Amino acid sequence: MKYTQGEYRLIRKDNLGQDLYRFVLECPEITAVAAPGQFVHILPKGSTLRRPISICQIDRQAGTLTLVFAVRGEGTAVLADLRAGDYVDMLAPLGHGFTIQPDANRVILMGGGIGVPPMLALAEIYGERATVISGFRSMPAVMLQEEFAKTGAKTILCTDDGTAGLHAMVTEPLLEEIRQEKPDMICACGPTPMLRAIARIAEEQGIFCEVSMEERMGCGIGACLVCACKMKLANGEIHAAHVCKDGPVFNAKEVAWNG
């Protein structure tokens with residue numbers, strides 16, 4: 001695993017609403033090797049514990065990385081107070097990203113809540129060949145829909161309460177899209193119940209599917225056991241894997257969803 005640790009300049013900060021923030025960081029040596037689905041580990045000032053944040057966009061030409069995160073505690077609250085021009089202590093890029101299929105005719109990208117941002121880097125690769133299905137609790141939490149549309153991808157928005165887009169779970173439009181045209185691949189990131197449901201549909205339909213797992217992390221490089229998750233071996237046996245080192249992206253068939 002090739003990664004770099006350093007201080008990187010925050011060149012843009014946006015408040016996306018509901019304690020959601022977008023950072024654009026100047027880090028050309030990281031963007032040169034980063035891939036969709038990987039993450040970064042940021043150390044908030046005054047803290048000893050890094051926070052993992054998924055990569056949202058990779059601009060190799062500009063040498064910038066875009067991150068989107070939600071304030072969920074003291075560490076992310078400290079990050080949210082940073083301003084453009086400040087420097088961020090970051091370890092990146094970490095983990096294994098999504099498989100890229102250059103010849104794929106059609107892919108479906110699915111995100112739930114804070115699992116939506118990682119899909120943008122993939123949408124920028126697949127463009128019009130992608131259908132992006134995003135799910136949020138309600139309209140105030142909706143984000144990045146204009147950015148997805150700019151990639152040329154078809155966008156479908158769902159909310160739990162029907163305040164924006166479809167009043168539906170993301171699996172409903174997924175089934176409809178599969179009925180219309182079976183995709184070559186499904187990529188998903190979000191809460192475990194959502195990923196479990198998507199994985200089941202993909203297996204029933206015979207569609208290759210990769211999921212990005214969400215787990216609490218300690219070191220981010222596989223040296224601790226905080227982010228252990230259960231996986232299935234080819235012989236059916238269950239073993240422990242590290243989301244940070246072995247993932248966060250896994251073949252959906254290899255995850256022991258009921259293990």
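Presented here is an overview of the structure given in this document.

Here is what the cut-offs are and how they apply
- Per chain, residue numbering runs from 1 following the sequence as it is written.
- With the structure being a predicted model, the display of local features is reserved for residues of pLDDT at least 70 and the display and counting of side-chain atom pairs for 80 or more, all residues being used for whole-chain, interface and lining totals.
- The side-chain quantities take in all heavy atoms of the structure and omit both hydrogens and water.
- Any carboxyl oxygen of Asp or Glu within 4 Å of a side-chain nitrogen of Lys or Arg constitutes a salt bridge here.
- Numbered from the N terminus, helices here are DSSP runs of H or I no shorter than four residues, and strands are runs of E no shorter than two.
- Think of it in three bands: residues with accessible area under 20% of the maximum for their type are buried, residues over 50% are exposed, and the middle band is partly exposed, with areas taken using a 1.4 Å probe on protein chains only.
- We call a set of buried residues a nonpolar core when its members are Ala, Val, Leu, Ile, Met, Phe, Trp, Tyr or Cys and they connect through side-chain atoms within 4.5 Å of each other.
- Contact criterion: two residues are considered in contact whenever any of their non-hydrogen atoms come within 4.5 Å of each other.
- By this definition, two strands are paired if DSSP reports at least two bridges between them.
- Angles run from 0 to 180 degrees between N-to-C directions of axes, and those axes are lines fitted to C-alpha atoms, restricted for helices to the stretch in contact.

To continue, consider the pattern of salt bridges. Counted by the stated rule, this structure contains nine salt bridges. We note a salt bridge from Arg106 to Glu177, for which the minimum N-O separation is 2.2 Å. Here Glu177 lies in helix H5 (residues 171-180) and Arg106 lies in the loop between strand E6 (87-94) and strand E7 (107-112), a separation of 71 residues in the sequence. Both residues of the pair, Arg106 and Glu177, count as buried. The shortest N-O distance in the salt bridge between Arg106 and Glu181 comes to 4.0 Å. One end of the pair, Arg106, is in the loop between E6 and E7; the other, Glu181, is in the loop between H5 and strand E11 (185-189), with 75 residues separating them in the sequence. What makes Arg106 buried here is its relative accessible area of 9%. Residue classification places Glu181 among the partly exposed residues on the basis of a relative accessible area of 44%. Each of the salt bridges in this network shares a partner with another, and the network as a whole consists of Arg12, Asp14, Arg22 and Glu147.

Another point: the environment of Glu204. For Glu204, the position within the fold is in helix H6 (residues 192-205). By relative accessible area, Glu204 is classed as exposed at 59%.

Turning our attention to the nonpolar core. Membership of the largest hydrophobic core comes to 29 residues, with the highest contact counts inside it found for Val107, Leu109, Met119, Leu122, Tyr126, Met143 and Phe148. Breaking this core down by element, the ones donating at least two residues are strand E5 (64-70), E7, helix H3 (118-126), strand E8 (130-136) and E11. Among the elements that take part in this core, H3 stands out by supplying five residues, more than any other. Beyond its immediate sequence surroundings of up to four residues, Val107 is in contact with Tyr126, Arg129, Ala130, Thr131, Pro183 and Met185. Counting 28 residues, the second-largest nonpolar core is a separate cluster that includes Cys158, Met194, Ile198 and Met231.

To continue, consider the pairing of strand E2 (residues 20-26). The buried fraction of E2 is high, at six of seven residues. Taking the residues that link successive antiparallel strands as the turn, the strand E1 (residues 4-17)-E2 hairpin has two residues, and the phi of Gln18 there is positive, at about 50°. Pairing of E2 with E5 involves seven bridges; the strand directions are antiparallel. From the neighbouring strand, Arg22 faces E5, where its bridge partner is Val68.

In spatial order, the strands read E10-E9-E8-E7-E11-E12-E15; together these seven strands make up an open sheet with mixed pairing. In this open sheet, the two strands that pair with only one neighbour each are strand E10 (166-167) and strand E15 (249-251). Pairing geometry for strand E9 (residues 154-159) and E10, over two bridges, is parallel. For Cys158, the partnering residue across the bridge sits in E10 and is Leu166. Contacts between H5 and the sheet are confined to E7, E8, E9, E10 and E11, with E9 contributing the most and set at about 150° to the helix. Where H6 meets the sheet, its contacts fall on E7, E11 and strand E12 (208-212), and the angle it forms with E11 comes to roughly 170°.

Take the pairing of strand E3 (residues 39-43) next. Taking burial as the measure, the five residues of E3 include four buried ones, the bulk of the element. The pairing of E3 with strand E4 (residues 51-59) spans four bridges and is antiparallel. For Phe39, the partnering residue across the bridge sits in E4 and is Ser54. Bridge count for E3 against E6 is four bridges, and the pairing is antiparallel. Looking across to E6, one finds that Phe39 is bridged to Leu94.

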